[in-house]
Amino acid sequence: MTAPRPASPGDTLDRVETPALVVDLDALEANIAAMASRAKAGGMALRPHAKTHKSAEIAKLQLAAGAIGICAQKVSEAEALLGSGVKDVLISNHILGEAKLDRLCGIAKHVRVTTLTSDAAHVAMLSQAAARNGAEIEILIEIDAGDARMGLQNLNQVGPLAQAIDKAPGLRFRGLQAYTGPFQHIRDPEERADAALASAEIALEARDAILALGLSCETITGGGTGSFDYDLSEQAFTEIQPGSYVFMDMDYGRNEDGPSEVFRQSLFVLASVIRVPEKRVVYVDAGVKSLNLDSGMPGVHERTDLAFTKASDEQGRVEIATKGQAPKLGERLLLVPSHCDPTVNQFDWMVAVRNGRVEHVWPVDARGCVI
Ligand code: PLP
Ligand code: MN
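- Within an unreviewed UniProt entry, the label attached to the chain reads DSD1 family PLP-dependent enzyme, and the organism entered is Flaviflagellibacter deserti.
- The Sequence similarities (unreviewed entry) comment attached to the chain in UniProt states, word for word, "Belongs to the DSD1 family."

Details of the sheet that holds strand S6 (residues 137-142)
Right, so step 1: A sheet is described by the order of its strands in space; here eight strands give the open sequence S2-S9-S8-S7-S6-S5-S4-S3, paired in parallel fashion. At either end of the open sheet lies a strand with only one pairing partner, and these are strand S2 (45-46) and strand S3 (70-72).
Right, so step 2: In this structure, strand S4 (residues 88-91) lies alongside strand S5 (residues 112-117), joined through four bridges in parallel fashion. Bridge assignment links Asp 88 to a residue of S5, and that residue is Arg 112.
Right, so step 3: Along the sheet face, helix H7 (residues 189-211) touches strand S7 (171-177) and strand S8 (219-222) and points at about 150 degrees away from the line of S7.

Considering helix H1 (residues 25-41)
Right, so step 1: Between its first and last C-alpha atoms H1 spans 24 Å; for 17 residues at 1.5 Å apiece the expected length is 24 Å, and the two agree.
Right, so step 2: When H1 is considered as a whole, its buried residues turn out to be Leu 25, Ala 27, Leu 28, Asn 31, Ile 32, Ala 34, Met 35, Ala 36 and Ala 39.
Right, so step 3: The N-cap residue of H1 is Asp 24: its side-chain oxygen and the backbone nitrogen of Asp 26 are 3.0 Å apart.
Right, so step 4: Immediately beyond the C-terminal end of H1, within one or two residues, lies Gly 43, with a positive phi of roughly 65 degrees.

Quick notes on the nonpolar core
Within soluble globular proteins, side chains that are nonpolar tend to cluster in buried spots.
Right, so step 1: Formed by 93 residues in total, the largest nonpolar core has its most connected members in Ile 141 and Phe 247.
Right, so step 2: The element that contributes the greatest number of residues to this core is H1, accounting for seven residues.
Right, so step 3: In contact with Ile 141, other than residues within four places in its own chain, are Thr 117, Leu 152, Val 158, Leu 161, Ala 162, Ile 165, Phe 173, Gly 175, Leu 176 and Gln 177.
Right, so step 4: By size, the runner-up hydrophobic cluster in this structure holds 13 residues, among which are Ala 7, Phe 268, Val 336 and Val 351.

Quick look at a negative patch on the surface
Right, so step 1: Together, Glu 190, Glu 191, Asp 194 and Glu 256 make up a negatively charged patch on the protein surface.
Right, so step 2: With respect to the helices, strands and loops of the structure, Glu 256 is situated in the loop between helix H9 (250-253) and helix H10 (259-262).
Right, so step 3: Judged by relative accessible area, Glu 256 falls into the exposed class, the value being 54%.

A word on the side chain of Thr 117
Right, so step 1: Checked against the element boundaries, Thr 117 lands in strand S5.
Right, so step 2: When neighbours within four sequence positions are excluded, Thr 117 is seen to be in contact with His 94, His 122, Val 123, Leu 126, Ile 139, Leu 140, Ile 141, Glu 142 and Ile 165.

Brief notes about the site of ligand 1
Right, so step 1: As a matter of local geometry, ligand 1 sits amid 14 residues, with Lys 51, Thr 225, Gln 241, Ser 244 and Tyr 252 nearest to it.
Right, so step 2: Side-chain polar atom of Lys 51 to an oxygen atom of ligand 1: 2.8 Å apart, as the coordinates give it.
Right, so step 3: The separation between an oxygen atom of ligand 1 and a polar side-chain atom of Ser 244 is 2.5 Å.
Right, so step 4: About the coverage of ligand 1: the protein hides 90% of its 390 Å² of free accessible area.
Right, so step 5: Here the shell around ligand 1 is built from residues that sort into three nonpolar, ten polar and one charged.

Comments concerning helix H5 (residues 120-133)
Right, so step 1: Between its terminal C-alpha atoms H5 stretches 20 Å, which fits the 20 Å expected from 14 residues at 1.5 Å a residue.
Right, so step 2: Buried residues of H5: His 122, Val 123, Leu 126, Ser 127, Ala 129, Ala 130 and Asn 133, and no others. In an axial view of H5, the angular spread of the buried residues amounts to 160 degrees, which keeps them on one side of the axis. With respect to the buried face of H5, the exposed residues turned more than 90 degrees away are Gln 128 and Ala 131.
Right, so step 3: Close packing links the buried residues of H5 with helix H4 (98-108), S5, S6, helix H6 (158-167) and S7.
Right, so step 4: At the N-terminal boundary of H5, the capping side chain belongs to Asp 119, with an oxygen 2.7 Å from the backbone nitrogen of Ala 121.
Right, so step 5: Just downstream of H5, Gly 134 is the residue with a positive phi angle, here 60 degrees.

Structural notes on the environment of Ala 56
Right, so step 1: Along the chain, Ala 56 turns up in helix H2 (residues 56-64).
Right, so step 2: Residues within four places of Ala 56 in sequence aside, it is in contact with Leu 81, Gly 83, Ser 84 and Asp 365.

Section: the UniProt feature "domain: D-serine dehydratase-like" (unreviewed entry) in the chain
Right, so step 1: Taken from the UniProt record, the annotation "domain: D-serine dehydratase-like" (unreviewed entry) applies to residues 266-354.
Right, so step 2: Between the end C-alpha atoms of residues 266-354 the distance is 11 Å, and the span holds 6% helix and 45% strand.

Notes on the state of the cysteines
Right, so step 1: Following the criterion strictly, the structure yields zero disulfides and no others.
Right, so step 2: No disulfide involves Cys 340; its nearest neighbouring cysteine sulfur is the one of Cys 71, lying 15 Å away.
Right, so step 3: Residue Cys 369 stays outside any disulfide, its sulfur separated by 16 Å from that of Cys 71, the closest cysteine.
Right, so step 4: Judged by relative accessible area, Cys 369 falls into the buried class, the value being 16%.

Parameters and conventions
- Residues numbered from 1 in each chain as written.
- Chains lettered and ligands numbered in written order.
- Predicted model: local features only at pLDDT ≥ 70, side-chain atom pairs only at ≥ 80, totals over all residues.
- Heavy atoms only, no water.
- UniProt positions renumbered as here; feature names shortened; annotations may be inferred.
- Pairing = 2+ DSSP bridges.
- Helix = DSSP H or I, 4+ residues; strand = E, 2+ residues; numbered from the N terminus.
- Contact = heavy atoms within 4.5 Å.
- Axes fitted to C-alpha atoms, helices over the stretch in contact; angles between N-to-C directions.
- Expected span 1.5 Å × (residues − 1).
- Buried < 20%, exposed > 50% of the residue type's maximum accessible area, 1.4 Å probe, protein only.
- Polar contact = N/O pair within 3.5 Å; in protein donor to acceptor, adjacent residues only side chain to side chain.
- Core = buried A, V, L, I, M, F, W, Y, C linked by side-chain atoms within 4.5 Å.
- Patch = residues over 30% accessible without salt bridge, like charges linked within 9 Å, V, L, I, M, F, W, Y side chains within 5 Å.
- Areas by Shrake-Rupley, 256 points an atom, 1.4 Å probe, with all protein chains shown as cover.
- Salt bridge = Lys/Arg side-chain N within 4 Å of Asp/Glu carboxyl O.
- Lys, Arg positive; Asp, Glu negative; His and termini not counted.
- Charge placed at Lys NZ, Arg CZ, Asp CG, Glu CD.
- Near = heavy atom within 4 Å.
- Nonpolar A, V, L, I, M, F, W, Y, C, P; charged D, E, K, R; others polar.
- Arc of directions from axis to C-beta.
- Disulfide = S-S within 2.5 Å.

Written as C-alpha cells, this is what we have:
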C-alpha cells in the first residue's frame with residue numbers, strides 16, 4: 001500500500017501534510033544544470049546515481065540535461081526507473097542469485113545493462129544467466145581504488161578476469177568501476193584531492209593491464225559528489241557517477257570546500273511543531289521513521305537558533321538557543337536531512353515546490369526497492 005499524497009499541485013507549503021519530503025525545484029534544477037555543465041566542460045560523460053532520488057521524474061531531468069544514462073544500485077530499483085525513458089543503466093553492484101539474474105536479463109532485453117563483478121566464479125553465474133535468457137549483459141570489473149571495500153584488490157588478477165569475461169557467452173567486457181565511497185567525505189579538500197589522484201593511478205594501472213592483453217577498456221567509471229571535481233581534472237575516468245549533488249545533505253555540508261558551495265540544499269523534511277511543553281524545547285512530528293540518522297541529526301534550515309537533538313520513532317526534540325526564537329504550536333520547520341539517500345527511501349511521495357507553492361507531487365518510484 002502506498003501512503004496518501006501529502007499535498008496537491010497548487011497548495012501552499014502551509015497546507016502540505018507533515019512530515020513530508022519536500023524538494024525545492026529551483027535548487028534541484030540549478031544542481032542538475034551545474035553538474036551537467038561541469039562534466040561537459042571537463043569532457044567527461046555524466047551518469048548520475050539514481051539511488052539518491054529513486055525518481056523517474058528526476059532521472060528524466062538529468063537525462064534531458066545531457067546525462068548518458070543512470071546508475072542504480074539494485075535490479076528492482078533499475079526496473080522502477082525505466083519509466084524515465086533511460087536507455088543505458090549501470091547497476092553498480094554485484095548481482096547474483098538465479099531469480100535476480102533472470103530479472104537483470106529481463107531489463108537487458110529492453111535497455112543497455114551493465115553490471116559489476118570482481119570474481120571469476122561470479123562471471124560464470126552471470127554468463128549462465130545471460131545464456132539462459134538469450135540476453136547480453138555488459139560487465140565492468142570493480143577494482144579497489146583505495147577504499148578497501150568490494151573491489152578487486154590484486155591488480156594482477158584484472159587482466160585474466162577481463163579475458164574470462166571477454167570469452168564468456170552472453171557477456172561483453174566493458175571496462176572498470178573505480179568508485180570510492182568513504183573518500184567522498186574526506187573533509188579536507190587537499191586530502192580528498194590526493195585520494196582521488198591515488199584512485200586515478202590505480203584505475204590507469206588496471207586499464208593498462210587490460211590493454212596489454214589486446215582487449216579494449218571502453219569505460220572507466222567512478223567519482224561522487226565529493227570527488228568529481230578532482231576526477232574531472234585527473235582525466236583517468238571516462239564517466240563520473242555522482243548522486244547526492246541533486247539534493248545535498250548535512251554530511252556533505254561538513255566537507256570543508258567546493259561542492260557544498262556549488263550545490264544548493266534542495267531536499268528537506270517538512271515537519272510541524274506538535275507540542276510546546278517548555279520555553280526552550282519543542283517537539284516536531286518527524287522522528288526516526290521519516291528521517292535517517294546514520295550521519296547524525298538533521299539540521300533546521302535557516303534557523304541557527306534551533307537544534308534538532310533527539311528522535312523517537314515519530315517525534316523529534318528541538319532545543320532553542322538562549323536568545324533564540326521559540327517556534328509556535330503548528331509552526332512548520334524545514335529539516336535538512338543528515339544523509340539524503342536513505343531519507344528519500346522513507347517516503348512514498350516527494351513534494352516538489354517552487355516559491356512556496358506545490359508544483360508537483362512525484363512518486364518515489366523506487367522506494368523500498370532493495371531486491
Ligand atoms: N556510485 C556508487 C557505486 C555509490 O555507491 C554511490 C553512493 O554511495 C555513488 C556513486 C554516489 O555518490 P554520492 O552520493 O556521494 O555522489
Ligand atoms: Mn549516500
